[in-house]
Each structure stands twice: as C-alpha cells, then as structure tokens.
Amino acid sequence: MRLSVKKALCTALVISMTAGLAGCGSGSGSTGGTTSTEAETESASSGEFDENSKETQKKVKQVEGIIDKYFYFEQDPEKREESYFDGIMAGLDDPYSVYYTPEEYERLMEDDGGEYVGIGATVSKDVDKGTVYVVKPLRGSPAEAAGLTTGDVFVQIDDIEVTADMELDEVVNYIRGKEGTTAHLKMYREGEPDYLEIDINRQKIQNITVDYEMLDNNIGYISVDQFIENTPEQFKEGIDYVISQGAKGIVIDMRNNPGGLLTAVNEMTDYIIADDAQAPGASEPGIQLETKDKDGKIIESYSCEDGHSVDLPMVVLVNGNSASAAEIFTGDMKDYGIATIIGTTTFGKGIVQSVIPLSDGSAVKITIAKYFTPSGNDIHKIGIEPDIEIDVSDEQKRMANIPHDEDPQLQKAIEVLTK
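Residues numbered from 1 in each chain as written. Predicted model: local features only at pLDDT ≥ 70, side-chain atom pairs only at ≥ 80, totals over all residues. Heavy atoms only, no water.

**Student:** Go over the pairing of strand S9 (residues 182-188), please, and point to the residues and values.
**Tutor:** Judged by which residues are buried, S9 turns out to be one-sided: Ala 183, Leu 185 and Met 187 face inward and are buried, whereas Thr 182, His 184, Lys 186 and Tyr 188, on the alternate face, are not. Where S9 meets strand S10 (residues 196-201), six bridges bridge the pair, whose relative direction is antiparallel. Counted as the bridge partner of Ala 183 is Ile 200 from S10. (Buried < 20%, exposed > 50% of the residue type's maximum accessible area, 1.4 Å probe, protein only. Helix = DSSP H or I, 4+ residues; strand = E, 2+ residues; numbered from the N terminus. Pairing = 2+ DSSP bridges.)

This is how it looks when you write it as structure tokens:
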C-alpha cells in the first residue's frame, strides 16, 4: 500500500483482478460445495488444513472461550475480527500477501491515483531484519525538508513503537494522518550515537513521480521514483522533452524505485520498444513479459502495440533498491539490447500480486504469479546484474539526492553515452 509514504520494496507489483477472479472464494466458509463427513475425514488424513472441519471449529471455539473468560484487558471487537483475516494472510508466510481493512483499501486506491496526505517518502521493509526504513524522501516533500534521508529506520511513530512483527501496511498507517497534523518520529540513523527525534507536518502530496532535464553533451536525464497511475504520462512527457531538446542519448534513473503498477510499467516500456522488435529467446516479437501461475501456466503475455519507439542510445541506472516494476523496465531494456545497465544488482522481486476487493469494502492482496523477462529470465530472489557494475560510497547511499557531478554511476552513464 502506498499511503502517507510509499510502500516500496515490499510493495507489490499490482495488477487489477478480472470480474471472474474477483469472485473466487467469496462464499463464507466455502469448500467448493464439498461438505460431507467423508470429505472432511479425507482432508484431515491427507494433512491439509480445513477451516470447516469439526476439529478446527472446535479448537476455534475453545480459544474464543478462553479469551472471553480469562482475558484481562478490554477487547476491541472490530480489531479482534480483523485479526482473524490478518492471521489467515500471515499464515501464507508471504510478506507480499496481506489483508486491507476498508479504510486501508480506500487509501490504497487514493494513493495509486497520484495524490495523498502524508510526509512524502518512499519506505520499505527489510524482510530479514524486520525493520522499516526510508528508501527515498520525495523531492520537495515535508520528509525531505525535515531531513529524513535514505536508510533512516523507523523506531517509533508518535506513541507507537515500530516492532519487527508489524506489517509494512500497519507502519504506513501510523505514519499517515489528517492533513495538518504532526507526525513525531523517532529514527535510527547509522553512525548517530542516539535516536533522532523528528517532527514532520503531514500535508497533501502531489505525487510527481518523474523528473527530467538536459545535461551537458546533449544527454537527457529522466528519473522515475515509482510506478503509479500518473507515471506513464509524466514519463512520456520526459522522453518527448529531451528528444525535442536534441538529446543524443538518454539516462533513465531507476535507482531506489520500489515498483508499483504493472499497467504503468507496461505502458512506459511500450513507448520505447518497437512493436516488431525481437528479444533473444523471446516467444514473440515485442513481448514485454509473461506471468505464470504456480503450475507454470501462462496467465498473461504483455506485448508492445502502441506503434511508438525511441531509437537513441540509453543507459538505465539501478541499485539494490530497484525492485518489481523497476526490474521489469530494466529487464526489458536489457533483453532487447536497448540500454546499457549501470549500477549494482537489483532487488530481485519477480512475483506479481493482485488486490481483490471483498464484499464489505475490505480487500486482500495476494501473490498470484511469477513474471519472466522477454528472454524468459526468472529474476525472483536473483535480481538483474548490471552490464557495468559500479557502486556509490556508503555516505552517498544515505543521501536523498546525490549531486550530478559527484554521482559516480551517473558520470559513468554519461561517459558511456558520450563515447
């Protein structure tokens, strides 16, 4: 969920569900119509979990009875009900599959539209460490003005301590709030002896996801922060602008880009790749990616079809925080030989989630597929290796924006394009 901050590396590569899929599992306690005692016995003996079995229902009632009889503190009925659905999704052991309350789902839809109330930063969760950290404050945002920088870890938000077992969505909800209120943050920053106490005024954020400019030597520079509904339009404007200014080469900066909407990245790669281009090993001309389900069956194949292409030398800049949709873009450019990839190996998120709304206004986001680059590469938990590997210093990794003339990756890109 991209809320007051943007859900980053743990943010899903999201596609919209079709009407047919949206109905899956909609029946309360549905087991596909099988309700016989014999079926329940067979399921139990095969080791499969059956939430409708007598044993499971008995256990649920026992636990609820213990809670009602002994639990010391006052209960919140709504929170208790929501916890059941949180628990179902948590049982999948997949950090990308989560439950959204109606309020969370509503905010998710608002943020994908390009405007939201918050502090204006991209955040992520380190699945191994359990920490939630700042990937990048947005340019001109309250977060940037308050001094948040890449790598800062959330320790406490107002009076809520951030713990390792919290979902990223939950942390993001605490960072969110009403316009004009203050978020009091306690942050850990590497190298600082004490936690930092930072107050940030929550504001309505116009989500400008693409920046572009002309550099020396007729090099166009386009930076993409994430992929939401308004990103393709801004990206096309950037491409058209640098070309109109006489660009002889283009740098596309995907560093610290956590991904986002599949539809957005597809529209952007389509704008660059010719419809009849052929990538080595690709199943068909102009293909952008294929998604396959758990049985290896192709769910969807996305191809270029807008009739537009860009024939200029390009470089794509990436790092370990370039994930999901940013990796789709990078993989397309690499497989088609359109761009030289410079930086460090990308994050390695090669799976796809769908957000499925439920009847009461809530929703679940669930991993449904793995995606493969045009040449058929599986990059999940592997990432995309750059053609030219070059890193920035540890100090620069903590900077929100590295000055162009001090940025070794960008300078290498300019060198490659100039030659």
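So, next bit.
**Student:** Account for the packing of helix H9 (residues 262-272) against helix H10 (residues 325-335), naming residues and giving values.
**Tutor:** Contact geometry of H9 with H10 gives a least axis separation of 9 Å together with a crossing angle of 20°. Regarding the angle of H9 to H10, the classification is roughly parallel. When the axes of H9 and H10 are compared, the crossing they make is right-handed. Residue-level inspection shows Leu 262, Val 265, Met 268, Thr 269 and Ile 272 of H9 in contact with H10, the latter providing Ala 325, Ile 328, Phe 329, Asp 332 and Met 333. A class-by-class count of the residues in the contact of H9 with H10 yields eight nonpolar, one polar and one charged. (Axes fitted to C-alpha atoms, helices over the stretch in contact; angles between N-to-C directions. Parallel < 35°, antiparallel > 145°, perpendicular 65-115°, else oblique. Left-handed = near helix turned anticlockwise from the far one by under 90°. Contact = heavy atoms within 4.5 Å. Nonpolar A, V, L, I, M, F, W, Y, C, P; charged D, E, K, R; others polar.)

**Student:** Explain the packing of aromatic side chains to me, using residue names and the numbers behind them.
**Tutor:** Aromatic rings in a pair are described by how distant their centres are and how their planes are angled relative to each other. Counting across every chain of the model gives five aromatic pairs. Relative to Phe 73, the ring of Phe 71 lies with its centre 6.1 Å away and its plane at 65°, an arrangement referred to as edge-to-face. Its relative accessible area of 58% is what places Phe 73 among the exposed residues. Between Tyr 72 and Phe 73 the ring centres are 5.1 Å apart and the planes differ by 85°, which places this aromatic pair in the edge-to-face class. We classify Tyr 72 as exposed; its relative accessible area is 73%. In this structure an aromatic cluster arises from ring pairing among Phe 71, Tyr 72 and Phe 73. The side chain of Lys 292 reaches across the aromatic face of Phe 372, ending 4.8 Å from its centre. Across from the ring centre of Tyr 96, 4.6 Å away, lies the NZ or CZ of Lys 349, which sits over that ring. (Phe/Tyr/Trp six-rings, centres within 6.5 Å; stacked < 30°, edge-to-face > 60°. Lys NZ or Arg CZ within 6 Å of the ring centre and 35° of its normal.)

**Student:** With reference to specific residues and values, describe helix H12 (residues 408-418).
**Tutor:** Along H12, the positions that sit buried rather than exposed are Gln 409, Leu 410, Ala 413, Ile 414 and Leu 417. The arc that holds the buried residues of H12, viewed along the axis, is 140°, so those residues lie on one side. Lining the buried residues of H12 we find strand S12 (210-215), strand S13 (219-224), strand S14 (249-253), strand S17 (314-318) and strand S18 (339-343). One side-chain oxygen of the residue at the start of H12 lies 3.1 Å from the amide nitrogen of Gln 409, identifying that residue as Asp 407. (Arc of directions from axis to C-beta. Polar contact = N/O pair within 3.5 Å; in protein donor to acceptor, adjacent residues only side chain to side chain.)

**Student:** An account of the sheet that holds S18 is requested, with residue identities and associated values reported.
**Tutor:** Judged by pairing direction, the sheet is mixed, and its six strands sit side by side in the order S12-S13-S14-S17-S18-S21 without closing on themselves. Sheet topology places S12 and strand S21 (388-389) at the edges, where each strand pairs with a single neighbour. The sheet contacts of H12 involve S12, S13, S14, S17, S18 and S21, and relative to S17 the element is tilted by about 165°.

**Student:** Give a description of the confidence of the model for the protein that names residues and reports values.
**Tutor:** Residues at a pLDDT of 70 or more form 87% of the protein, whose mean pLDDT is 86. Counted against residues more than four places away or in other chains, residues 1-12, with its pLDDT under 50, gives 86 contacts. In the model, residues 16-46 has pLDDT below 50 throughout and makes 17 contacts with residues more than four positions away in sequence or in other chains. (pLDDT = per-residue confidence, 0-100.)

**Student:** So, helix H8 (residues 231-244): which residues are in play, and what are the values?
**Tutor:** Between its terminal C-alpha atoms H8 stretches 20 Å, which fits the 20 Å expected from 14 residues at 1.5 Å a residue. Along H8, the residues that are buried comprise Thr 231, Pro 232, Gln 234, Phe 235, Gly 238, Ile 239 and Val 242. Angularly, the buried residues of H8 cover 165° about the axis, an arc narrow enough to put them on a single face. Opposite the packed face of H8, turned more than 90 degrees from it, sit the exposed residues Glu 233 and Ser 244. Its buried side turned inward, H8 meets S12, S13, S14, H9 and H10. Just beyond H8, the residue with positive phi is Gly 246, at close to 90°. (Expected span 1.5 Å × (residues − 1).)

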